[in-house]
Amino acid sequence: MAPRVVSVEADGGSRGNPGPAGYGAVVRDAETGEVLAERSESLGTATNNVAEYQGLIAGLTAAAELGAAEVDVRMDSKLVVEQMCGRWQIKHPGLRPLAAQAAGLVGRFAAVRFAWIPREQNRHADALANAAMDAAAGRPPSAPKTGQPPATPATGSDPATAPASWEPRPSFTATRLILVRHGETEYTEQRRYSGRGDVPLSEKGRAQVRATGARVAELAPSVGAVLSSPLSRCTATAASIAEALGGNVPVRTEDDLIECDFGQWEGRTFTEVRERWPGEMDAWLASPRIAPPGGESFTHVAERAHRVVTGLLTAYPGETVVVVSHVSPIKLMLRDALAAGDGFLHRLFLDAAGISVLDMWPDGGVAVRTVNDTAHLAKID
């Protein structure tokens, strides 16, 4: 009986890029590590990326032939993993047909999960690919590196002697960050710069955060933590969310989530700042490294936001965390998640009590699910 879940380890390469190329793929029982199939082939002259995609296709084809329902793909090609997960664009026209073929194979399974692994954990497939490259170059097979398994038949494999590259099937669960901007204040309504001043929620803002709490509870019935900027407009928003979640998750304040210090611009409108500090405003809009007079640059805020995200990924792997903060830190988190340019900071609008959601994987993958969702505020005047 075929195992329901298998692991596919795939690799490919060329000597010259392009040059003599080949691929290797190994299919294992995901629970025991038993080798169920091996595939390798010389490709003549090709590039590394083409060979890596061919290895993936061969591995998925073998898994389908075995009747597997779910597949965990493990590759040391960051490009293939990111492109197959939809996080990177496929810009090279020569790779698009191969990616489409692989995607067609993915659709034959109930689930396919992709993970990047270091090359040393992909030694079996690497050995098969190297043997195929040697054949493409007309040379005898290379001797395996120390500790690297030779390409051996798949029949009669013993899980007790499985190559060191196999490990039990890992968790591929992302850490989900639910980013919430605080509810409306008097300054929000008047479009005034509101940085370190502790301006409280308005009556409308209090109604907004009640609706936001209910929405977050719908999105995430299980939450590992609720973090908040120490300013009261955020702690009040976070408290409302924690209450909607059942009151079992305490709110923890984090100084790094505080809003940008706008210095002398605090409490002023854009028009007022433009009239009084035109040159400083132009410089600030042109570069995140420039701070308002007496204030803080976006570059410094970005460093704070990055520390928060990194700490959450370490402390709450695979969990959902609610982060209640301000426009600037949330924009910077989204900018980095989307790999966007600095112009993004002055083009994205974030409403009071808006919700953004992003997923982050241990291998560095990121998926932005939602930006500035305000549907839950529709009934609030």
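In what follows, the accompanying structure is described. Source: prediction; values computed, not measured. (Residues numbered from 1 in each chain as written. Predicted model: local features only at pLDDT ≥ 70, side-chain atom pairs only at ≥ 80, totals over all residues. Heavy atoms only, no water.)

### As for the overall build of the protein
Item 1. A tally of regular secondary structure across the protein gives 11 helices and 11 strands.
Item 2. Reported as C-alpha extents along the three principal axes, the dimensions of the protein are approximately 75 × 50 × 35 Å.
Item 3. Across the 381 residues of the protein, 50% fall into the buried class.
Item 4. Considering only contacts in the protein between residues 6 or more positions apart, those separated by 24 or more positions represent 73%.
Item 5. Accessible surface for the protein amounts to roughly 17,200 Å². Of this, 51% is attributable to carbon and sulfur atoms.
Item 6. In the protein, which carries 38 positive and 45 negative side-chain charges, the distance between the mean positions of the two groups comes to 3 Å. (Helix = DSSP H or I, 4+ residues; strand = E, 2+ residues; numbered from the N terminus. Buried < 20%, exposed > 50% of the residue type's maximum accessible area, 1.4 Å probe, protein only. Contact = heavy atoms within 4.5 Å. Areas by Shrake-Rupley, 256 points an atom, 1.4 Å probe, with all protein chains shown as cover. Lys, Arg positive; Asp, Glu negative; His and termini not counted. Charge placed at Lys NZ, Arg CZ, Asp CG, Glu CD.)

### Points about the pattern of salt bridges
Item 1. Summed over all chains, the structure comprises 23 salt bridges.
Item 2. The residue Asp359 makes a salt bridge to Arg176 at a minimum N-O spacing of 2.6 Å. On the criterion of sequence distance, the pair formed by Asp359 in strand 10 (residues 355-360) and Arg176 in strand 6 (residues 175-181) is long-range, its members being 183 residues apart.
Item 3. Taking the relative accessible area as the measure of exposure, Arg176 reaches 29% and is therefore partly exposed.
Item 4. The network of salt bridges with common partners includes Arg4, Glu70, Asp72 and Arg113. (Salt bridge = Lys/Arg side-chain N within 4 Å of Asp/Glu carboxyl O.)

### Focus: the packing of helix 10 (residues 298-315) against helix 11 (residues 327-337)
Item 1. Close contact between helix 10 and helix 11 brings their axes to 9 Å; oriented N to C, the two are set at 70 degrees. Between helix 10 and helix 11, the interaxial angle falls into the category roughly perpendicular. For the pair formed by helix 10 and helix 11, the contact residues are Phe298, Val301, Ala302, Ala305, Val308 and Val309 on the first element and Ser328, Pro329, Leu332, Met333 and Arg335 on the second.
Item 2. Within the contact of helix 10 with helix 11, the residues separate by chemical class into 9 nonpolar, 1 polar and 1 charged. (Axes fitted to C-alpha atoms, helices over the stretch in contact; angles between N-to-C directions. Parallel < 35°, antiparallel > 145°, perpendicular 65-115°, else oblique. Nonpolar A, V, L, I, M, F, W, Y, C, P; charged D, E, K, R; others polar.)

### What about the environment of Ala242?
Item 1. With respect to the helices and strands, Ala242 occurs in helix 7 (residues 232-244).
Item 2. For Ala242, a relative accessible area of 7% corresponds to the buried category.
Item 3. The spatial distance from the C-alpha of Ala242 to the C-alpha of Gly213 is 7.3 Å, given a sequence separation of 29 residues.
Item 4. Ignoring sequence-local partners within four residues, the contact set of Ala242 consists of Gly247, Val249 and Val251.

### Re the packing of aromatic side chains
Within a pair of aromatic rings, the relevant descriptors are the distance that separates the centres and the angle that separates the planes.
Item 1. For the structure on display, the rule yields 7 aromatic pairs.
Item 2. Look at Phe262 and Trp284: their rings are 6.5 Å apart centre to centre, the planes differ by 80 degrees, and that puts the pair in the edge-to-face class. Residue Phe262 is located in the loop between strand 8 (251-253) and helix 8 (270-276), and its partner Trp284 is located in helix 9 (residues 278-286); the two are separated by 22 residues in the primary sequence. For the pair Phe262 and Trp284, a shared accessibility class is recorded, and that class is buried.
Item 3. In this structure an aromatic cluster arises from ring pairing among Tyr193, Phe262, Trp265, Trp277, Trp284 and Phe298. (Phe/Tyr/Trp six-rings, centres within 6.5 Å; stacked < 30°, edge-to-face > 60°.)

### Some words on the sheet that holds strand 2 (residues 19-29)
Item 1. One open sheet holds the 5 strands; their spatial order is 3-2-1-4-5, and the pairing between them is mixed. Two strands in the sheet have a free side with no partner beyond their single neighbour: strand 3 (35-46) and strand 5 (111-116). Strand-to-strand, the axes of this sheet are offset by a mean angle of 20 degrees, without reference to chain direction.
Item 2. In terms of strand pairing, strand 4 (residues 70-75) meets strand 5 through 6 bridges, oriented parallel. Note that in strand 5 the partner of Met75 across the bridge is Trp116. (Pairing = 2+ DSSP bridges.)

### Remarks on helix 3 (residues 96-106)
A turn of α-helix holds 3.6 residues, and therefore any two residues three or four places apart point the same way.
Item 1. Here helix 3 has its buried residues at Leu98, Ala99, Ala102 and Leu105. Along helix 3, the residues classed as buried sweep out an arc of 115 degrees about the axis, all on the same side.
Item 2. Looking at the buried side of helix 3, the elements it contacts are helix 1 (48-65) and helix 2 (78-84). (Arc of directions from axis to C-beta.)

### Description of the environment of Val199
Item 1. One can find Val199 in the loop between helix 5 (186-189) and helix 6 (203-219).
Item 2. For Val199 and Val73, which are 126 residues apart along the polypeptide, the C-alpha to C-alpha distance reads 50 Å.
Item 3. With residues near it in sequence (within four places) discarded, Val199 still touches Thr185, Glu186, Tyr187, Ser194, Ser232 and Arg233.

### Here we look at the sheet that holds strand 10
Item 1. One open sheet holds the 6 strands; their spatial order is 8-7-9-6-10-11, and the pairing between them is mixed. Edge positions in the sheet fall to strand 8 and strand 11 (366-373), since each of these pairs with one other strand and no more. Ignoring strand direction, the axes of neighbouring strands in this sheet form an average angle of 20 degrees.
Item 2. Direction of pairing for strand 6 relative to strand 9 (residues 320-325): parallel, over a ladder of 6 bridges.

### Topic: helix 11
Item 1. With 10 of its 11 residues buried, helix 11 lies for the most part within the structure.
Item 2. Where helix 11 is concerned, the buried positions are Val327, Ser328, Pro329, Ile330, Lys331, Leu332, Met333, Leu334, Arg335 and Ala337.
Item 3. On its buried face, helix 11 is in contact with strand 6, helix 10, strand 9, strand 10 and strand 11.
Item 4. Looking one or two residues beyond helix 11, the residue adopting positive phi is Ala339, at roughly 50 degrees.

### Some thoughts on the pairing of strand 7 (residues 225-228)
Item 1. The side-chain alternation of strand 7 yields two buried faces, one formed by Ala225 and Leu227 and the other by Val226 and Ser228.
Item 2. Taken together, the 4 bridges between strand 7 and strand 9 define a ladder with parallel strand orientation. Across the sheet, residue Ser228 finds its bridge partner in strand 9, namely Val324.
Item 3. Where strand 7 and strand 8 come together, 3 bridges link them in parallel fashion. Of the residues in strand 8, the one forming a bridge with Leu227 is Arg252.
Item 4. Running through helix 7, the crossover from strand 7 to the neighbouring parallel element strand 8 is right-handed. (Right-handed = clockwise from strand over helix to strand, strands pointing away.)

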